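# Understanding the architecture of this molecule
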Protein chains: 8
Amino acid sequence: GFARIDHHRKLRTGFGEVIFCKGKTKEQVAVIFDRLAARDTSVLATKATKEQYEAVLAVCPQAEYQENGGLITLIREQPQYIGEVAVCTAGTADIPVAEEAAATAAFFGANVKRYYDVGVAGIHRLFDKLPEIERANVVIAVAGMEGALAGVLAGMIDKPVIAVPTSVGYGANFHGLSALLTMLNSCADGISVVNIDNGYGAGYLGAQINRLVTGKGEE
Amino acid sequence: GFARIDHHRKLRTGFGEVIFCKGKTKEQVAVIFDRLAARDTSVLATKATKEQYEAVLAVCPQAEYQENGGLITLIREQPQYIGEVAVCTAGTADIPVAEEAAATAAFFGANVKRYYDVGVAGIHRLFDKLPEIERANVVIAVAGMEGALAGVLAGMIDKPVIAVPTSVGYGANFHGLSALLTMLNSCADGISVVNIDNGYGAGYLGAQINRLVTGKGEE
Amino acid sequence: GFARIDHHRKLRTGFGEVIFCKGKTKEQVAVIFDRLAARDTSVLATKATKEQYEAVLAVCPQAEYQENGGLITLIREQPQYIGEVAVCTAGTADIPVAEEAAATAAFFGANVKRYYDVGVAGIHRLFDKLPEIERANVVIAVAGMEGALAGVLAGMIDKPVIAVPTSVGYGANFHGLSALLTMLNSCADGISVVNIDNGYGAGYLGAQINRLVTGKGEE
Amino acid sequence: GFARIDHHRKLRTGFGEVIFCKGKTKEQVAVIFDRLAARDTSVLATKATKEQYEAVLAVCPQAEYQENGGLITLIREQPQYIGEVAVCTAGTADIPVAEEAAATAAFFGANVKRYYDVGVAGIHRLFDKLPEIERANVVIAVAGMEGALAGVLAGMIDKPVIAVPTSVGYGANFHGLSALLTMLNSCADGISVVNIDNGYGAGYLGAQINRLVTGKGEE
Amino acid sequence: GFARIDHHRKLRTGFGEVIFCKGKTKEQVAVIFDRLAARDTSVLATKATKEQYEAVLAVCPQAEYQENGGLITLIREQPQYIGEVAVCTAGTADIPVAEEAAATAAFFGANVKRYYDVGVAGIHRLFDKLPEIERANVVIAVAGMEGALAGVLAGMIDKPVIAVPTSVGYGANFHGLSALLTMLNSCADGISVVNIDNGYGAGYLGAQINRLVTGKGEE
Amino acid sequence: GFARIDHHRKLRTGFGEVIFCKGKTKEQVAVIFDRLAARDTSVLATKATKEQYEAVLAVCPQAEYQENGGLITLIREQPQYIGEVAVCTAGTADIPVAEEAAATAAFFGANVKRYYDVGVAGIHRLFDKLPEIERANVVIAVAGMEGALAGVLAGMIDKPVIAVPTSVGYGANFHGLSALLTMLNSCADGISVVNIDNGYGAGYLGAQINRLVTGKGEE
Amino acid sequence: GFARIDHHRKLRTGFGEVIFCKGKTKEQVAVIFDRLAARDTSVLATKATKEQYEAVLAVCPQAEYQENGGLITLIREQPQYIGEVAVCTAGTADIPVAEEAAATAAFFGANVKRYYDVGVAGIHRLFDKLPEIERANVVIAVAGMEGALAGVLAGMIDKPVIAVPTSVGYGANFHGLSALLTMLNSCADGISVVNIDNGYGAGYLGAQINRLVTGKGEE
Amino acid sequence: GFARIDHHRKLRTGFGEVIFCKGKTKEQVAVIFDRLAARDTSVLATKATKEQYEAVLAVCPQAEYQENGGLITLIREQPQYIGEVAVCTAGTADIPVAEEAAATAAFFGANVKRYYDVGVAGIHRLFDKLPEIERANVVIAVAGMEGALAGVLAGMIDKPVIAVPTSVGYGANFHGLSALLTMLNSCADGISVVNIDNGYGAGYLGAQINRLVTGKGEE
Ligand SMILES: Nc1ncnc2c1ncn2[C@@H]1O[C@H](COP(=O)(O)O)[C@@H](O)[C@H]1O
Ligand SMILES: Nc1ncnc2c1ncn2[C@@H]1O[C@H](COP(=O)(O)O)[C@@H](O)[C@H]1O
Ligand SMILES: Nc1ncnc2c1ncn2[C@@H]1O[C@H](COP(=O)(O)O)[C@@H](O)[C@H]1O
Ligand SMILES: Nc1ncnc2c1ncn2[C@@H]1O[C@H](COP(=O)(O)O)[C@@H](O)[C@H]1O
Ligand SMILES: [Mg+2]
Ligand SMILES: [Mg+2]
Ligand SMILES: [Mg+2]
Ligand SMILES: [Mg+2]
Ligand SMILES: [Mg+2]
Ligand SMILES: [Mg+2]
Ligand SMILES: [Mg+2]
Ligand SMILES: [Mg+2]
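Within each chain, residues carry numbers counting from 1 in the order of the written sequence. Starting at A for chains and at 1 for ligands, labels are handed out in the order in which the entities are written. Thresholds applied to this predicted model are a pLDDT of at least 70 for local features of residues and 80 or more for the giving and counting of side-chain atom pairs; totals over whole chains, interfaces and linings are not thresholded and use all residues. Side-chain metrics rest on all non-hydrogen atoms present in the structure, leaving aside hydrogens and water.

## Let's talk about the overall build of chain A
Put simply, the rule reads: Secondary structure is summarised from DSSP: a helix means a run of H or I of at least four residues, a strand means a run of E of at least two, and numbering begins at the N terminus for each. The reference for a compact globule is 2.2 Å times residues^0.38; the radius of gyration itself is calculated from the C-alpha atoms. Exposed residues in this analysis have more than 50% of their type's maximum accessible area, buried residues have under 20%, and partly exposed residues fall in between, with area computed by a 1.4 Å probe over protein chains only. Only heavy atoms matter for contacts: two residues are in contact if any of them lie within 4.5 Å across the pair. For every accessible area listed, the method is Shrake-Rupley and the probe measures 1.4 Å; residues are considered covered only by the protein chains on display. Positive: Lys, Arg. Negative: Asp, Glu. His and the chain ends are not part of the count. For charged residues, the charge sits on one atom: NZ in Lys, CZ in Arg, CG in Asp, CD in Glu.
The secondary structure content of chain A amounts to 8 helices and 9 strands. Computed over the C-alpha atoms, the radius of gyration of chain A is 17 Å, within 12% of the 17 Å expected from 2.2 N^0.38 for a compact globule of 219 residues. For the C-alpha atoms alone, the extent of chain A along its principal axes is close to 50 × 45 × 25 Å. Counting all 219 residues of chain A, 68% fall into the buried class. Summarising the internal contacts of chain A: among those between residues at least 6 apart in sequence, 69% fall at separations of at least 24. As presented, chain A carries roughly 7100 Å² of accessible surface, and 51% of it is formed by carbon and sulfur atoms. Of the side chains in chain A, 20 bear a positive and 24 a negative charge, and the two mean positions are spaced by 5 Å.

If you want it as structure tokens, here you go:
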């Protein structure tokens, strides 16, 4: 078989497996999705194209697609949403990555609040929202180009900030390298970084920390 | 003056300011250390050389130096240690960075457990320790060269893993780039990354998450 | 002429020439394929597109195409398969490169066993297969993203591991650079690396070592 | 001769020639300094070591050295200082580069105000100073590590911001690349960038713009 | 909402907000454009595709498109053009970026003069134009490939030169890196650099300096 | 106008101007071609697409197109071919770049001999041709992937070798960087390098040296 | 403890643990060496400085040091040398890395033959030695600068070639990157690559293949 | 032996072997120097330190050292100098590399003229010298930082220009990468590039072309 599904994972890490669609044929995505769906759990597929979604739909008609974010979901039963994860973006073009993060965090049981287009070029937009953002257990900061949002946020609040550099921009952004380096070199405390455009990774980690903080870490 | 101390920070983020010694003259380090010490709080200085320590000692005779890790500390009163942060290294040469992380996490009030030299080249050494590591609220994984330890750990436990790439190695490690990229591209869930050799950043974030999880997040 | 076929090579290195199709026009591929086919040997062409295959088909109707892997083959007479080469992948998206490796190793006379989707994110999947993998004379480890599979394998078995980084992933994988650096910096023993996505090179080298070990090295 | 002094330059660009000491022997620096001093103008030498200064001192006893900034100066007659250039740094370790900028701007006739250690990790320190900074005709923002200061400044004031990335930091700062890319990719308006650690270039340009704005551009 | 318009900006920085279209859907561009147009100011959108323009046109029929430069504009009332900004290119292929700069500078009220195809490969073409170029308050130098134009210009005139590296070229230009590094390392005085292909940033900064120099800086 | 034709060049450098088509619109190419053609000289355009050729054809019906190499030529009168330039390629996929070089050298009056597919993987193919290659005044060596051909050639013959790295290959060739670095670091004597895929530059330089050697350097 | 010795390794992989000294204090090296020596096996330490050797000597007086190659060895009983591994260098400066490889291969039981300074700049030196080199079971090719030796060798012989890029050279060798890329992109068959300057890794792998081929693979 | 001297080379390429000292021990340099000296030819050693020179001096008392350029020479009999090679530098700090080029070209029999410190920041200094420079058969242009000198020269004269990027500069010069890319991307005709700081390579090639042009190419 071309894919060995990691059914142990739910036991080992507390969450179900998720399908990473990039680089898989649409047939492969559909088969894997179908196999997971057969186990009666909710299923999440990320970085999915419309073509891959259509192949999934043919075998699993209840699957839904969120084009902005590239996500296929099959929600069996709504989780009991707990705690709070804040997802912020610097600009409008960062939203697809933020949606990947937000949908993932929600899939894994977190209440999610969105704060979009609050980047540092007009920093008062961010300050207005700070008291609200601060209420979350963990903050996901999504930014491309110079990527300064994450460090500025981490400098102002006392919650873990998960920084997601995006490939938004052009020229010397070198496909997200610029934002990545900015975030890695932040002088602020309480910040860590995931891969460029990796909304999924940030959403998972955000949900994980949120769950630990709200006292659901042990089950 | 050459340094504006951020006395607000403790209010804003819950932790006091820390002195980053790299690039500062020994005179500057001593003056800043002294000024912070004058406020009767514990003081931490990172990436400090022996020369910088000696300058500090002249103005602040109770300051202590941990050569392995490059830390100067002045501990006024032992914090009440809470929760647990695990600090793991892949090899022996990664220990100075791990010590920076461990000392920082302890400074900010976390119980710290060390698991050194448990890298993937002899993976059974890691497996023996897993049940113990898993008891921590957050795991700091310090590794150079290929840097695979962090991803392997994150794949096996359900706690946030803070990955610290180190510059340990030679040749195509490109001063830590190799471990950094490995960690950023990890397929495992629940992992995020700080700067190369940034034990301080990992220790702070580990203490922060640990504090939130053990229910001290609000004060 | 646009191509000087290296007919000496079989004498010099023991294996026939192989056509590398990338960058050649479909007409060029067809002419070269035809010329080699005219010598009554089996022919292999790698990194071939469907269009190139169709041009070959027009001049050589028995030629076959394996889309997953991009290979055109003309098998005159089945080789006598000897020894064993194991081909492992970390994920599903690495399979095309693994197929290039597997088909090449088979073309040059090796028995090939495939172990797909056994990456380190769910490391028990790999452990289950270890006793079987260990029976091979040489192991080809194909992995993208963080690329940790090869080093973990090399740390657990006493056979040469040929590491093939793939361009699978996104963002800070930098088109395979991440997996390449991971593999080059592996702390494990008995590992070496070929170019990103170079299934062919790994398959050739695997077959070569396998042939030497099974005592056919001299003919 | 090893150096052709560009005496036309004052006519052509309005300012005298400056000696860039890096890569020159101390003898060469001394000879060039002496030749310029012989023309009765003020002389500036940048990126100078103490050894180079001592060689200059032997031939030109009135020359002065500013260790913090690496500058040798010979001031014949105090210029009539005009306008205002603000020089800001993110941290303490950025000060040597800032001093190079400040001294250069003053050498070319600008009033200079210094705002040091006002980086974004404690952004209130910056806000306190904004009304004052805004009074300058041009702002020089010097920052290493993540380098976010320049973009944040440019987003808040309506004056040209000259961004100077510094090599301050470690690891994934890649000797200043991080701050450089941050500044080049800033989403703020009214910002441009000079070479890493190039305090001189920023100081010259700042003085030039300041002079044009205060109406002394023509003489 | 997906975009928080920065209406304060005109107050804060003296110029209105501009829409950066890259990475936004055509629907998003149209909505934002429409919202800004509703405030009766002129509107500028950069890096816009024809599809984005057509979406804007549907909601705002007076909007105009300049394909060469990728700009959508809605001019309510012609500004009173002041001072002079010179825009130079090294070659013909650099013109789209230069047009972005020129249109932006004009949008913000500068008289603009264009000097195209005056690169250093035939340096007499540049010398013929120097006396004219020198009359501007600020010079924008747009060049790809080796990017030497900006430094040569800055060496010959006593006005600030804003260097815009372009991605024009191939091979070891590495998508504009070559021209970017050339410009950052220029030995000439009075030069600073913006992002690769960032005509907008250069045009804004050029207009800002021009406005300050012609004495309109205070309003 | 968008292009200032450098008519002085023939006087200054001895050869006419050439049109570099990359980045120009097809209309621009046609206009420039037409203007040059109007001066009764032969015209060469490089890196031209079929679309650009068709636009040229409309205004200049005698223009010819060489798809393999991307060249448009208008030959008024055959030059008197002198001396000899050898053009070698490592593989078949390098031929388009080699044809650009060969056609350029011929355009500028050199006799050209082609030696294609003589790379080091089958080094006897190269040795067979050495005595012939050695007769040229200058050798152009075109190679992608590892790019070793140029250094091996330079080690065996006593004529200048112009090395042209190509972007042929994949993975860690990084679009020609690999061959470029190989050639720059060659331990052989008498070798220099042009830009990746720059057949034109090599052809021009080859013709220039050839002309000097055959004693036509002075006219 | 700072080091968990992998005593299982000999069972698992057939070879004993080796000490990698880089990044360890001399005290750590001495303690680890001593602990391994206490088990009555031969001990090998690589990348060792003279200081580290002296610390080892204090606890283990029979230990020997090979400065050229940076190796500390304690040989309990001479292994029964089998088969043959050829170690070739391109130049003289590559010898330390080659010695690391040769000593490692010998330590693990291989007969080793050295062929030094046979690089491609004078390729006849290599040809003279080919018949001899070809007798080995595996060839280690050590080269810096352009690194072409490995590919040329692999093109001429029918044995696995392990390519070791070295950091020998300057400028655009970028500390070994040039040779590394050359070797990864080699068009020859039967070649794979280890880290820059990693003589140890090549020696180990060479000995491992050699052992398998001579039929000692099973014990 | 550690070095196989390439005595064939003079026959094959017309010039004797040269010792590249970087990475060799001083003992090795001395032995090789001595062996070559024993053959009664002149000897040249490049990139030599003072220590290496002293070791040579012990075995070969007539050897001379040129510190500025790092060259050891033993001149048996003055060559008959022919033709002319021009060596130009942009700045004073480029002189050591230029001296390596000049001394090498002279060693191989060329008349050499030096034009130092004629870089583009003060371009009139270059223009003054043009008529003289143009008389040479080949021009070597040595420049660091932005490296524009080579392209400007090639644009103005009709002789081959050999561009030598140097590592002179700091920050975003990235140890010579900046000048290297500038030169590779030059839009001028008749230019080719050697390795960063490779004065030797340029000097050799310059002498080789000069010899061919002056009609000594055939012997
Ligand atoms: N080792 C470290 N790496 C990165 N950041 C640090 C480190 N140590 C301290 N810091 C941060 O740097 C700040 C102090 O910077 P400074 O004002 O330059 O001393 C501290 O408040 C920390 O947020
Ligand atoms: N071509 C451009 N390149 C860089 N920045 C731009 C460009 N066009 C507009 N901007 C900036 O981007 C801001 C708008 O970003 P956004 O809110 O994402 O539309 C504008 O206010 C400008 O400061
Ligand atoms: N393929 C090429 N690569 C690099 N430079 C070229 C190429 N073709 C032409 N050129 C140069 O580019 C100049 C024309 O540039 P342009 O004025 O933009 O058409 C010619 O005079 C040549 O010097
Ligand atoms: N400075 C230099 N840079 C590059 N190559 C050099 C240099 N000096 C000498 N060489 C070349 O290196 C060869 C000697 O290398 P080796 O045998 O290691 O001494 C000479 O024959 C030259 O071809
Ligand atoms: Mg914080
Ligand atoms: Mg986990
Ligand atoms: Mg192994
Ligand atoms: Mg502003
Ligand atoms: Mg100027
Ligand atoms: Mg030669
Ligand atoms: Mg071979
Ligand atoms: Mg020329």
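## Thoughts on the sheet that holds strand β2 (residues 43-46) of chain E
The pairing of strands in a sheet comes from backbone hydrogen bonds and takes either a parallel or an antiparallel form. Residues and elements named next belong to chain E. To keep it simple, the criterion reads: For two strands to pair, DSSP has to find at least two bridges joining them.
Read from one edge of the open sheet, 4 strands run β1-β2-β4-β3, paired in mixed fashion. Looking at strand neighbours, the two that pair on one side only are β1 (19-20) and β3 (64-66), the edges of this open sheet. Pairing of β1 with β2, which is carried by 2 bridges, proceeds in the parallel orientation. Following the sheet pairing, F20 is matched in β2 by T46.

## Brief notes about the interface of chain G and chain C
Operational definition: A 1.4 Å probe defines the accessible area here, and the buried area is the portion of it lost by two parts on being joined, summed over both. For this document, the term salt bridge refers to a Lys or Arg side-chain nitrogen within 4 Å of an Asp or Glu carboxyl oxygen.
The interface is formed by 31 residues belonging to chain G together with 30 residues belonging to chain C. Here chain G meets chain C over a buried area of about 2700 Å², counting both sides, of which 52% is carbon and sulfur. A per-residue breakdown of the area chain G buries against chain C is headed by G:D158, G:L184 and G:D189, which together make up 24% of the total. On inspection of chain G and its partner chain C, the count reaches 2 salt bridges. Of the charged contacts in the structure, one is a salt bridge between G:R211 and C:D158, with a shortest N-O distance of 3.0 Å.

## Things to note about the relation of the copies chain G and chain C
What counts is decided by this rule: A least-squares superposition brings the copies together, and it is based on the C-alpha atoms of residues with pLDDT no lower than 70 in both.
Laying chain G over chain C is done by rotating through 180° and shifting 0.0 Å along the axis; what remains is an RMSD of 0.0 Å. Expressed as a symmetry operation, the mapping of one chain copy onto the other fits a two-fold axis. Among all C-alpha atoms of chain G, that of G:V213 lies closest to the rotation axis, at 2.1 Å.

## A word on the side chain of E:T89
Residues and elements named next belong to chain E. Stated formally: Polar contacts here mean pairs of N or O atoms no more than 3.5 Å apart (in protein, one a potential hydrogen donor and the other a potential acceptor; neighbouring residues in sequence count only if both atoms are side-chain atoms).
Checked against the element boundaries, T89 lands in strand β5 (residues 82-89). Only 2.9 Å separates the side chain of T89 from the backbone oxygen of G91, close enough to count as a polar contact. Residues within four places of T89 in sequence aside, it is in contact with D94, I95, A98, Y115, Y116, D117, V118, G119, V142 and L149.

## Some thoughts on the pairing of strand β5 (residues 82-89) of chain A
All names here are of chain A. Worth spelling out the cut-off: A right-handed crossover is one whose linking path, passing over the helix from the first strand to the second, runs clockwise when the strands point away from the viewer.
Burial within β5 is extensive, with 7 of its 8 residues counted as buried. Crossover β5 to strand β6 (residues 110-115) through helix α4 (residues 95-107) is right-handed. Across 5 bridges, the pairing between β5 and strand β7 (residues 138-143) is parallel. Pairing of V85 across the sheet is with V138, part of β7.

## Section: the side chain of C:S192
Mapped onto the secondary structure, C:S192 falls in strand β9 (residues 191-193). Assessed through its relative accessible area of 3%, C:S192 is described here as buried. Polar side-chain contacts of C:S192 include one of 2.7 Å to the side chain of G:S192. Apart from the residues lying within four places of it in its own chain, the contact partners of C:S192 are C:V161, C:I162, C:A163, G:S192, G:V193, G:V194 and G:L205.

## Notes on the coordination of the magnesium ion (ligand 11)
Residue and element names in this part refer to chain G. This is how it is decided: Water is absent from the atoms considered, so a metal site may look incomplete; donors are defined as N, O and S atoms within 2.8 Å of the metal, or 3.2 Å for Na, K and Ca.
Distances from the magnesium ion (ligand 11) to its protein donors, namely A154 (O) and I157 (O), fall within the range 2.1 to 2.4 Å. A relative accessible area of 3% places A154 in the buried class. Note on I157: relative accessible area 0%, which makes it buried.

## Observations regarding the pattern of salt bridges
Residue and element names in this part refer to chain H. The tally for this structure, following the rule as stated, stands at 55 salt bridges over all chains. Across the salt bridge formed by R114 and E99, the nearest N and O atoms sit 2.7 Å from each other. Of this pair, R114 sits in strand β6 (residues 110-115) while E99 sits in helix α4 (residues 95-107), placing them 15 residues apart in sequence.

## Let's talk about the coordination of the magnesium ion (ligand 8)
In a perfect tetrahedron of four donors around a metal, the angles come out at 109.5 degrees. In a perfect octahedron of six, they are 90 or 180 degrees. Distances from the magnesium ion (ligand 8) to its protein donors, D:A154 (O) and D:I157 (O), fall at 2.0 to 2.3 Å. An identical accessibility class is assigned to D:A154 and D:I157; each is buried.

## Notes on the pairing of strand β4 (residues 71-74) of chain F
All names here are of chain F. In this structure, strand β2 (residues 43-46) lies alongside β4, joined through 3 bridges in antiparallel fashion. Within the sheet, the bridge partner assigned to V43 lies in β4 and is L74. One ladder, built from 3 bridges, connects strand β3 (residues 64-66) with β4; its direction is antiparallel. Note on β4: the bridge partner recorded for E64 is T73. As consecutive antiparallel partners, β3 and β4 are separated by 4 residues, and within that stretch G69 has a phi angle of approximately 125°, a positive value.

## With respect to the arrangement of the chains
A gap remains between chain C and chain E, which never touch, and the nearest two C-alpha atoms on either side lie 14 Å apart. The least C-alpha distance between chain C and chain H, which are not in contact, is 20 Å.

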